[in-house]
Amino acid sequence: MLSVLTDNWDLFRDGFWLTIRLFLVSAVLSLVLGTILAAFRVSPIPALRAVGTGYVNTLRNTPLTLVFAFLFFGAAKTDLALPSPFWSGVGALTIYTAAFVCEVVRSGVNTVSPGQSEAARAVGMTFFQVLTLIVLPQAFRAIVPPLSSVFIALLKNTTIAAGFSLAEAGAISFAMSERGENQLLTLTWIAIGFLILIVPLMFLQRWAERRTAVA
């Protein structure tokens, strides 16, 4: 069993390294975009609320595979084409995951007492100041568990990139099949690799929960 891993270490190393890069870049970008969308959804401006709501409802009800297909094939025929397959993969994961991040952040915003926002506006603070200085810092304390679940799902969703010419962890089995290796053992090692990546995220989630818990 171990020889399947050691004899093909180059495939596993490169595949999981690409998976980690896809995950880290997409996680940061989706957090930023999702937070902006959440701000749109709670904005007092109707047009911004409509944009945020339309984005979330559209992306949450669109299969991630279709988002990948659009960026890899559809966007290539327009001016929206991204510079490389890696960035197309990042774009698809970011666009899709941001919709879920948005809803998590919005739920956190709703846990903050409206009285705090009203008091801040009463002393002359703008909506942007209220959101960034008063609401979001408290909201992020409440959304650590659901946000961690979204990012764990993002890590697993990176495997879809394997179907679009990205040689990440999900594509290892295809390459191993060409080498004539045992597919059951190959998939077992891939599963173990994802566990190695996901378990630290779970411990990080628990640590963050303790750090942000309100006494």
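These numbers come from a predicted model, not from an experiment.

## Looking at the overall build of the protein
And then number 1: Of regular secondary structure, the protein possesses 10 helices and 0 strands.
And then number 2: Considering only contacts within the protein whose residues lie at least 6 apart along the sequence, 77% involve residues at least 24 apart.
And then number 3: Here the protein has roughly 11,600 Å² of accessible surface; of this, 67% comes from carbon and sulfur atoms.
And then number 4: Mean positive and mean negative side-chain charge positions of the protein (14 and 10 charges, respectively) differ by 14 Å.

## Examining the packing of aromatic side chains
And then number 1: Under the defined criterion, the tally for this structure stands at 4 aromatic pairs.
And then number 2: Relative to F72, the ring of F68 has its centre 5.9 Å away and its plane inclined at 20°; by these criteria the two rings are stacked. Of this pair, F68 and F72 are both found in helix α4 (residues 64-74), 4 residues apart, which corresponds to roughly one turn of the helix. With respect to burial, F68 and F72 carry one shared label: buried.
And then number 3: Taking the ring centre of F86 as reference, the NZ or CZ of R21 above it sits at 4.8 Å.
And then number 4: Directly above the aromatic system of F203 lies the positively charged group of R206, at a separation of 5.7 Å from the ring centroid.

## Brief notes about the pattern of salt bridges
And then number 1: Within the structure shown, the criterion is met by 4 salt bridges.
And then number 2: Ionic pairing is found between R13 and D14, a salt bridge with its closest N-O pair at 3.0 Å.
And then number 3: Using a relative accessible area of 43% as the deciding quantity, one classes D14 as partly exposed.
And then number 4: Where R106 meets E103, a salt bridge forms, and the shortest distance between an N and an O atom there is 3.0 Å. With R106 and E103 both in helix α5 (residues 85-110), this residue pair falls 3 residues apart, about one helical turn.
And then number 5: The partly exposed category is assigned to R106, whose relative accessible area is 24%.
And then number 6: Look at the salt bridges and you will find they share partners, linking R41, R60, E103 and R106 into a network.

## Focus on the layout of surface pockets
In this approach the atoms are scanned with a rolling probe the size of a water molecule, which exposes any empty space left behind.
And then number 1: By volume, the largest pocket amounts to about 360 Å³.
And then number 2: Lining of the largest pocket is provided by 15 residues; of these, L147, S148, F151, L201 and L204 occupy positions nearest its centre.
And then number 3: Among the elements of the structure, α2 (9-41), α8 (144-157) and α10 (183-212) are those that each provide at least two residues to the lining of the largest pocket.
And then number 4: A breakdown of the residues in the lining of the largest pocket according to their chemical character gives 13 nonpolar, 2 polar and no charged.

## Focus on the UniProt feature "domain: ABC transmembrane type-1" (unreviewed entry) in the protein
And then number 1: Feature annotation in UniProt places "domain: ABC transmembrane type-1" (unreviewed entry) on residues 16-203, given in this structure's numbering.
And then number 2: Along residues 16-203, the helical share is 77% and the strand share 0%, with 20 Å between the first and last C-alpha atoms.

## Some points on α4
And then number 1: Within α4, burial applies to L64, V67, F68, L71 and F72. The arc that holds the buried residues of α4, viewed along the axis, is 115°, so those residues lie on one side. α4 presents L66 and F73 as exposed residues on the side facing more than 90 degrees away from its buried surface.
And then number 2: Tucked inside the fold, the buried residues of α4 contact α3 (46-60), α5 and α8.

## Concerning the nonpolar core
And then number 1: Formed by 57 residues in total, the largest nonpolar core has its most connected members in F12, L22 and F68.
And then number 2: The leading source of residues in this core is α5, at 12 residues.
And then number 3: When residues no more than four places from it in sequence are discounted, the contact partners of F12 are V4, L5, I172, M176, T186, W189 and I190.

Scoring rules and cut-offs
- Residues numbered from 1 in each chain as written.
- Predicted model: local features only at pLDDT ≥ 70, side-chain atom pairs only at ≥ 80, totals over all residues.
- Heavy atoms only, no water.
- Helix = DSSP H or I, 4+ residues; strand = E, 2+ residues; numbered from the N terminus.
- Contact = heavy atoms within 4.5 Å.
- Areas by Shrake-Rupley, 256 points an atom, 1.4 Å probe, with all protein chains shown as cover.
- Lys, Arg positive; Asp, Glu negative; His and termini not counted.
- Charge placed at Lys NZ, Arg CZ, Asp CG, Glu CD.
- Phe/Tyr/Trp six-rings, centres within 6.5 Å; stacked < 30°, edge-to-face > 60°.
- Buried < 20%, exposed > 50% of the residue type's maximum accessible area, 1.4 Å probe, protein only.
- Lys NZ or Arg CZ within 6 Å of the ring centre and 35° of its normal.
- Salt bridge = Lys/Arg side-chain N within 4 Å of Asp/Glu carboxyl O.
- 1 Å grid on protein atoms, 1.4 Å probe; cavity = no way out; pocket = protein on both sides within 12 Å on 5 of 7 lines; lining within 4 Å.
- Points joined across faces, edges and corners; volume = space filled by probe spheres on them.
- Nonpolar A, V, L, I, M, F, W, Y, C, P; charged D, E, K, R; others polar.
- UniProt positions renumbered as here; feature names shortened; annotations may be inferred.
- Arc of directions from axis to C-beta.
- Core = buried A, V, L, I, M, F, W, Y, C linked by side-chain atoms within 4.5 Å.

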